[in-house]
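# Notes for the structure review
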Amino acid sequence: MPAPIYLDNAATTALDPAVAELMSSCLSHGPKGNASSGHAGGRAARALIEAARAQVAARLRVSPEELVFTSGATESNNLALRGVLAASRQEHPQLITSRIEHPSVLATAKALERQGVDVILLGCDAEGVIDVDALRRTISKRTALVSVMHVNNELGVVSPLAAIGAICREHEVPLHVDAAQSIGKLEFDAQALGVDLCSLSAHKLHGPQGIGALFVRAGLGVEPLLFGGGQERSLRPGTLPTHQIVGMGLAYELADPSREGPRLERLRRLLWQGLQGLEGVRLNGAEALLAPHILNVSFARVEGESLRLALSDLMVSRGSACTSAAELPAHVLSALGLSDALAESSLRFSLGRFTSATDIERAVARISAELPRLRQLTALAPAWCSS
Amino acid sequence: MDYSSEVVRRFGSPGRVGELAKDLAGVVAGAAEDRSLSVWVRFQVQILAGRIERVRYQVYGCPHTIAAVSWVAEWLEGSEPEALAQLDVQMLAKRLDLPVEKMGKLLRIEDALQACRHEWKQTVAS
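Quick look at the structure, then. Owing to the predicted nature of the structure, the values given are computational and were not obtained by experimental measurement. (Residues numbered from 1 in each chain as written. Chains lettered and ligands numbered in written order. Predicted model: local features only at pLDDT ≥ 70, side-chain atom pairs only at ≥ 80, totals over all residues. Heavy atoms only, no water.)

### Quick notes on the overall build of chain A
The condition is simple: Labels follow the DSSP assignment, with helices taken as runs of H or I lasting at least four residues and strands as runs of E lasting at least two, numbered in each case from the N terminus. Note on method: radius of gyration uses C-alpha positions; expected globular size equals 2.2 Å times residues raised to 0.38. We call a residue buried when its accessible area falls under 20% of the maximum for its residue type, exposed when it is over 50%, and partly exposed in between, using a 1.4 Å probe and counting protein chains only. In these tables, accessible area is a Shrake-Rupley quantity obtained with a 1.4 Å probe, and a residue counts as shielded only by the protein chains included in the view. Counting rule for charge: Lys and Arg are taken as positive, Asp and Glu as negative, and neither His nor the chain ends is counted. Every charge is mapped onto a representative atom, which is NZ of Lys, CZ of Arg, CG of Asp or CD of Glu.
Secondary structure assignment for chain A yields 14 helices and 12 strands. Radius of gyration (C-alpha) of chain A: 22 Å, near the 21 Å computed for a compact globule of 387 residues. Seen along its three principal axes, the alpha-carbon backbone of chain A occupies a region of about 70 × 50 × 35 Å. Burial statistics for chain A: of 387 residues in total, 58% are counted as buried. Summing over all exposed atoms, chain A offers an accessible surface of approximately 14,900 Å²; the carbon and sulfur share of this is 54%. For chain A, the distance from the average position of its 36 positive side-chain charges to the average position of its 39 negative side-chain charges is 2 Å.

### Looking at helix H1 (residues 17-29) of chain A
Residue and element names in this part refer to chain A. The condition is simple: Here the expected span of a helix is defined as 1.5 Å times the quantity of residues minus one. Along the arc lie the directions from the helix axis toward the C-beta atoms.
Look at H1: 18 Å from first C-alpha to last across 13 residues, which is about the 18 Å you get at 1.5 Å a residue. For H1, the complete set of buried residues consists of Val19, Met23 and Cys26. Within H1, the buried residues cover an arc of 60° as seen down the axis, which keeps them to one side. When the buried face of H1 is taken as reference, the exposed residues oriented beyond 90 degrees from it are Pro17, Glu21 and His29.

### Here we look at the sheet that holds strand E12 (residues 346-350) of chain A
Residues and elements named next belong to chain A. This is how the line gets drawn: DSSP calls a pair of strands paired once it identifies at least 2 bridges connecting them. Simply put, an axis is a line fit to the C-alpha atoms, just over the touching stretch for a helix, and the angle between two N-to-C directions goes from 0 to 180 degrees. Contact criterion: two residues are considered in contact whenever any of their non-hydrogen atoms come within 4.5 Å of each other.
Across the sheet, which stays open at both edges, the three strands sit in the order E9-E10-E12 with antiparallel pairing between neighbours. Sheet topology places strand E9 (281-283) and E12 at the edges, where each strand pairs with a single neighbour. Direction aside, the axes of adjacent strands within the sheet are offset by 30° on average. Where E9 lies against strand E10 (residues 294-299), three bridges are found, and the strand directions are antiparallel. By the bridge assignment for E10, Arg282 is matched with Ser298. Along the sheet, helix H9 (residues 257-275) contacts E9, E10 and E12; its crossing angle with E10, the most-contacted strand, is approximately 15°.

### Details of the nonpolar core
Convention followed: By nonpolar core is meant a set of buried Ala, Val, Leu, Ile, Met, Phe, Trp, Tyr and Cys residues that side-chain atoms within 4.5 Å join together.
Ranked by internal contacts, the top residues of the largest apolar core, which has 124 residues, are Phe188(A), Leu200(A), Leu275(A), Phe299(A), Phe349(A) and Phe43(B). The dominant element in this core, judged by the number of residues it contributes, is helix H2 (residues 63-76) of chain B, at eight residues. With residues near it in sequence (within four places) discarded, Phe188(A) still touches Arg59(A), Leu60(A), His150(A), Leu161(A), Val177(A), Ala179(A), Ser182(A), Ile183(A), Leu193(A), Val195(A) and Cys198(A). The next biggest cluster of nonpolar side chains, apart from the first, holds 19 residues, and it includes Val68(A), Leu79(A), Leu85(A) and Leu197(A).

### A word on the interface of chain B and chain A
Interface size, as often reported, equals the accessible area lost upon joining of the parts. As a reminder of what qualifies: Here the quantity called buried area is the accessible surface, traced with a 1.4 Å probe, that two parts lose on coming together, added over both. By salt bridge we mean one thing: a side-chain nitrogen of Lys or Arg within 4 Å of a carboxyl oxygen of Asp or Glu. Counted as a polar contact is a pair of N or O atoms within 3.5 Å, where, for protein atoms, one must be capable of donating a hydrogen and the other of accepting one, and residues adjacent in sequence contribute only when both atoms are in side chains.
The interface is formed by 24 residues belonging to chain B together with 19 residues belonging to chain A. The junction of chain B with chain A conceals about 1,800 Å² of combined surface from both sides, 65% of it contributed by carbon and sulfur atoms. The three residues of chain B that bury the most area against chain A are Phe11(B), Gln58(B) and Tyr60(B), which together make up 37% of that side's buried surface. The interface formed by chain B and chain A contains one salt bridge. Salt-bridge contacts for Lys102(B) lead to Glu305(A); the nearest nitrogen and oxygen are separated by 2.9 Å. At the surface where chain B touches chain A, the tally comes to 10 residue pairs in polar contact (both at pLDDT 80 or more).

### Notes on unusual backbone geometry
All names here are of chain A. A positive phi angle, close to 65°, is found at His206, a residue other than glycine. Judged by relative accessible area, His206 falls into the buried class, the value being 4%. Look at Ser234: it is not a glycine, yet its phi comes out positive at around 65°. Along the chain, the position of Ser234 falls in the loop between strand E8 (212-216) and helix H8 (242-254).

### Concerning the sheet that holds strand E4 (residues 118-122) of chain A
Residues and elements named next belong to chain A. Spatially, the seven strands line up as an open sheet ordered E2-E8-E7-E6-E5-E3-E4, and their pairing is mixed. Two strands lie at the open edges of the sheet, namely strand E2 (67-70) and E4, each paired on one side alone. With strand direction ignored, the average angle separating the axes of adjacent strands in the sheet is 20°. Sheet analysis places strand E5 (residues 143-149) next to strand E6 (residues 175-178), joined by four bridges and oriented parallel. In the sheet register, Val148 faces E6, and the bridge partner there is Val177. The strands that H8 touches are E2, strand E7 (197-201) and E8; relative to E7, the one it contacts most, it runs at about 100°.

If you want it as structure tokens, here you go:
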């Protein structure tokens, strides 16, 4: 049986061997101290952590002092939303986000809503582009935070961050961006974009799982979620995991979008060229606005679970991996207006550093072979199975 | 989702898929669907001299449903027409090791067979 083809890099990526080696070395031979300790071992660990912090900060073009290490982007999103809203002096604060955010933002927004926060969910058009005009109409003195993702994790559509940032600046409202899917694939300049908070992950760009960071612009009020230590400016107390942080630092240094972006985009175009000629195939999301590494495609007249079993040698996601566990049609595809049947039969292909043109060609060949086979079963199926 | 070896085998090679020729004698058809369960099933059954000669089907559904329809089509061939009313979905679920949440889909298979039987009864009566 041929080796499976991994095209699920938006869910997680393989650890870069150089990162693995560095982490292993850190665990085996690295400093023995807690980075908060004042002795030599602690100072050595602290030095490694601060070097890694600088590596991560350089990728965002921000000051290292403005980065807080967390367990990952989900925690960062929670800290950004809950932390800023808790620090807000508004009597009835408002949070503006969009319907197509990651569940870690939407669920946090829902929890805040239960606590009395006025939550506004911006819609998107049929191609997954966030409605900027709705933001312009909605933002007000009560708005404590605007939160949008840079690249949609299901569709790959790049948000109109420059326009959103300009509106936020005009109204002096802080802007939070979940950049878990974009860093390393797209250039990201937090200063130029007017971003005040930015959630980061390591494992989405060939770093270790279980470590991430939140950029918090100096001077911005954020309340911590956890208490009991002074680490990370008291915003995220707890012993810092040195080996994970050094792994994240190297992963960020290696993830050069000027090199990776064009290569991934060539592969994504190759994939779409191979698929778009097949019958009943639809690209979800604005093609001109896609990030280099994500392609979301619906396959009409094929039931989703059957499609996934038929293509079980392709490691891809239906919608987002987080949604997959729930066995529900992806909320993002529903927001685009797709029927449940079409949302169900959608696959998200996401490419990474170790994806090759051969992988793409094999994936296209497998899909080209399985689609007609599955559609023999549904030749006379009613219209709802295909629209 | 885990699948039994029988489900995987039948999903990969379901057999009897398609349509019977329009001019064949003794052919009845029946379909059933449930959009909320993402399932649609259509059987064509050729009944000659009190015996089910041939079965063909179309199905939109999950691998369990496809495997179940494949099994039912095979089981029907060679049976008496009354078999159309005798599908034991519990037995079918057990035989294919289907998860309990798929039972609703099996009931749609049963409905499609009942629709075939209804058409056959009408044919016989006329």
